[in-house]
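# Chains, contacts and geometry: an overview
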Amino acid sequence: MTTDFDQAMDAYFGPDGEEPPVDWADVDAAAPESKEPAPRTWAAQDLRSVLDGSYQPPQPSVGRRDDGVGLFYPGRMNSVASESEAGKTWFALIACLQEINDGNHVLYLDFEDDAGGVVGRLLCLGARPDDVLERFHYVRPENQPSDIDLLDLAMVLEHSPTLAIVDGVTEGMSLFGLELKDNTDIAKFGRLLLRPLQNAGAAVVTLDHVVKSSENRGRYSIGGVHKLNGLNGVMYMLENIRPFGIGVTGKSRIRIAKDRPGQIRRNGLSHSSGMHWYADLVVKSETQEYAEAHLYAPVQRDEADREADEEQRRLNALKRKVLDALSGAREALTGKGIEDRVSGRAADIRQAVAALVDEGRIVTERGPRGATLHSLPTASTEADNSPEPEAA
């Protein structure tokens, strides 16, 4: 039986599967036939299932915490947002690996990284290469999609992926020539790219950035408010507690910024911010080739634990300010130079600087009259500080 999709593919590749010289007029003529009719959504819906009690609300059945509770709603728009290096990609790839191991297909639409970086992390988490090759579909767009590009994407959707990651909304919108802060453009991006993935039945998960200032952030990612208002699934905000990296154990707290169907929030713990604590993302990196990752369920904390968390958040905020000061300085800074540029108690600032030095995010050198100078690492300093290879 020949489908509309088959006819469109034959228009481009030929019935024997060999690629002829492209006649764009023929492709454009065939393209409308390859598209399914638009769904009829303006008729009154049948409400009997809601009224007789047989209606079942959507359940988060894609991805899961360590305790088996789900992460994302299938056939809905979900999102994960955080500052850079807070673990968004690790979070997404844990869900990808779970789906692949369950025998499902996954689409990873990447506007930021490359195949080596993404698949390398997936293998680091323990994915089997044969499973990745068969069920992990990596797409790296570099241009606005033509009709042929849409056919390529449609071929991936023929596998009925349960999860579709869209990594880098800001870059994706730029590729489409859309304005990040324009709510109309945000809605257009969703209509052009995200909604077709959702209509294919996948749990669509966008990975997005938040504004730099934690005071002005609230529940929103960068850009217009429609990014949040247009979601019909769940939106998570990641709050970094310990940085991620090779040879260290990173940790981020996962909070719920929005839960439209309301089936996820009940499995979290309430918080004064209004965003429930849903999980802790912990990635223990043993080597560049192996990492152990967990999505731990939240546990009720006593007052001492909450104070410790608050102290860690305050320290992280100071660390960001110290890094900003060094980034904006024209030369290396002494300890006093940093304190002059960062508001807060001197003892707390020194604690933040010491922590950044221990983490390798600040390098020090001896300055005039025995002063210690602080600066951000460069490629050359990182190479100088890397461990010597062991002798054979």
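Residues numbered from 1 in each chain as written. Predicted model: local features only at pLDDT ≥ 70, side-chain atom pairs only at ≥ 80, totals over all residues. Heavy atoms only, no water.

### Remarks on the nonpolar core
Which entries qualify depends on this criterion: What we call a nonpolar core is a set of buried Ala, Val, Leu, Ile, Met, Phe, Trp, Tyr and Cys residues that are connected through their side-chain atoms within 4.5 Å. A 1.4 Å probe rolled over the protein chains alone gives each residue an accessible area, and that area as a share of the maximum for its type sets the label: buried under 20%, exposed over 50%, partly exposed in between. Helical segments are the DSSP runs of H or I of at least four residues, strand segments are the runs of E of at least two, and each set is numbered from the N terminus. Residue contacts are defined here by distance: any two heavy atoms, one from each residue, within 4.5 Å place the two residues in contact.
Core analysis: the largest hydrophobic core is formed by 44 residues, its most contacted members being Phe 72, Phe 91, Phe 136, Tyr 236 and Leu 281. If you tally residues by element for this core, the top one is helix 4 (residues 88–101), at nine residues. Those residues in contact with Phe 136, other than ones at most four positions away along the chain, are Cys 96, Ile 100, Val 106, Tyr 108, Val 118, Val 119, Leu 122 and Asp 131. Grouped together as the second largest cluster of nonpolar side chains are 28 residues, Phe 111, Leu 157, Ala 202 and Val 204 included.

### Considerations on the side chain of Thr 206
With respect to the secondary-structure elements, Thr 206 resides in strand 7 (residues 203–209). A residue is classified by how much of its surface remains accessible, and Thr 206, at 6% relative accessible area, is buried. In this view, Thr 206 contacts Asn 78, Ser 79, Val 80, Val 166, Val 169 and Leu 194; residues no more than four positions away in its chain are not counted.

### Thoughts on the sheet that holds strand 5 (residues 136–139)
Defined as follows: Between any two strands, pairing holds if DSSP finds at least two bridges. Axis definition: a line fit to C-alpha positions, over the contact stretch in the case of helices; interaxial angles, taken between N-to-C directions, run 0 to 180 degrees.
Read from one edge of the open sheet, nine strands run 5-4-6-7-3-8-9-10-11, paired in mixed fashion. Each of the sheet's edge strands pairs with one partner strand only, and the pair in question is strand 5 and strand 11 (290–296). Looking at each pair of strands side by side, their axes are set apart by 20° on average, direction ignored. Two elements, strand 3 (residues 77–82) and strand 7, share six bridges in a ladder whose sense is parallel. Looking at strand 7, one finds that Ser 79 is bridged to Thr 206. Contacting strand 3, strand 4 (106–110), strand 6 (163–167) and strand 7, helix 9 (residues 183–199) runs over the sheet at an angle of about 150° to strand 7.

### Considerations on the confidence of the model for the protein chain
Should the pLDDT be low somewhere, the predicted coordinates at that spot are not to be read in detail. This is how it is decided: One confidence number per residue, pLDDT, is output by the predictor and ranges from 0 to 100.
Residues of the protein chain with pLDDT of at least 70 account for 80%, and the chain-wide mean is 84. Taken as a whole, residues 2–9 scores under 50 in pLDDT and shows 14 contacts with residues more than four places along the chain or in a different chain. Segment residues 385–392: pLDDT under 50, and one contact once partners within four positions in sequence are set aside and those in other chains are kept.

### Some points on unusual backbone geometry
A positive phi angle, near 65°, is found at Glu 85, a position not held by glycine. Mapped onto the elements of the fold, Glu 85 is located in the loop between strand 3 and helix 4. A relative accessible area of 66% means that Glu 85 is categorised as exposed. At Arg 369, a residue that is not glycine, the phi angle is positive and equals roughly 55°. Position of Arg 369 relative to the elements: it lies in the loop between strand 12 (363–366) and strand 13 (372–375).

### Describing the pairing of strand 6
Across the five residues of strand 6, five count as buried, placing the element largely inside the fold. Going residue by residue along strand 6, you find Leu 163, Ile 165 and Asp 167 tucked away on one face and Ala 164 and Val 166 tucked away on the opposite face as well. Pairing geometry for strand 4 and strand 6, over five bridges, is parallel. Bridging from a neighbouring strand, Leu 107 pairs with Ala 164 of strand 6. Taken together, the five bridges between strand 6 and strand 7 define a ladder with parallel strand orientation. Residue pairing across strands places Ala 164 opposite Val 204, the latter belonging to strand 7.

### As for a nonpolar patch on the surface
Selection rule: Like-charged residues within 9 Å of one another, or nonpolar side chains (Val, Leu, Ile, Met, Phe, Trp, Tyr) within 5 Å, are grouped into patches, provided each residue has over 30% relative accessible area and no salt bridge. Computed by Shrake-Rupley with a 1.4 Å probe, the accessible areas treat only the displayed protein chains as cover when residues are assessed. We define a salt bridge as a side-chain nitrogen of Lys or Arg found within 4 Å of a carboxyl oxygen belonging to Asp or Glu.
Side chains of Leu 47, Val 50, Leu 51 and Tyr 55 sit close together on the surface and give an oily, nonpolar patch of about 440 Å² of accessible area. By the secondary structure assignment, Leu 51 is in helix 3 (residues 48–51).

### Topic: the side chain of Asp 131
Mapping Asp 131 onto the fold places it in helix 6 (residues 129–135). Non-local contacts of Asp 131, meaning those with residues more than four positions away in its chain, are made with Ile 100, Asn 101 and Phe 136.

### Digging into helix 13 (residues 346–358)
For the record, the criterion: A helix is expected to reach a length of 1.5 Å times the quantity of its residues less one. Picture the helix axis, draw a direction to every C-beta atom, and the arc is the one those directions span.
Under the 1.5 Å per step criterion, the end-to-end length of helix 13 is 18 Å for 13 residues, consistent within 8% with the ideal 18 Å. Asp 348, Ile 349, Ala 352, Val 353, Ala 355 and Leu 356 are the residues of helix 13 that are buried. Taken end-on, helix 13 shows its buried residues confined to a sector of 160°, consistent with a single buried face. One or two residues past the end of helix 13 sits Gly 360, with phi positive at roughly 80°.

### As for the environment of Arg 366
Test applied: Residues adjacent in sequence count toward polar contacts only when both atoms are side-chain atoms; beyond that, a polar contact is any pair of N or O atoms within 3.5 Å, and within protein one must be able to donate a hydrogen and the other to accept it.
For Arg 366, the position within the fold is in strand 12. Judged by relative accessible area, which is 63%, Arg 366 ranks as exposed. Sequence separation between Arg 366 and Thr 334 is 32 residues, and the spatial gap between their C-alpha atoms is 9.8 Å. Other than its neighbours up to four places away in sequence, Arg 366 contacts Ala 371 and Thr 372. Within the structure, Arg 366 has its side chain in polar contact with the backbone oxygen of Gly 370 (distance 2.8 Å).

### Observations concerning the environment of Glu 99
Relative to the elements of secondary structure, Glu 99 occurs in helix 4. In this view, Glu 99 contacts Ser 61, Val 62, Gly 63, Asn 104, Val 106, Thr 162 and Leu 163; residues no more than four positions away in its chain are not counted.

### Some points on the packing of aromatic side chains
Our working rule: Classification of ring pairs uses Phe, Tyr and Trp, with its six-membered ring standing for Trp, and accepts pairs whose centres are within 6.5 Å; under 30 degrees between planes counts as stacked, over 60 as edge-to-face, and the remaining range as tilted.
Following the criterion strictly, the structure yields seven aromatic pairs and no others. Pairing Tyr 108 with Phe 136 gives two aromatic rings, centres 5.9 Å apart and planes at 45°, and the pair type is tilted. One end of the pair, Tyr 108, is in strand 4; the other, Phe 136, is in strand 5, and 28 residues separate them in sequence. There is no split in this pair, since Tyr 108 and Phe 136 are both buried.

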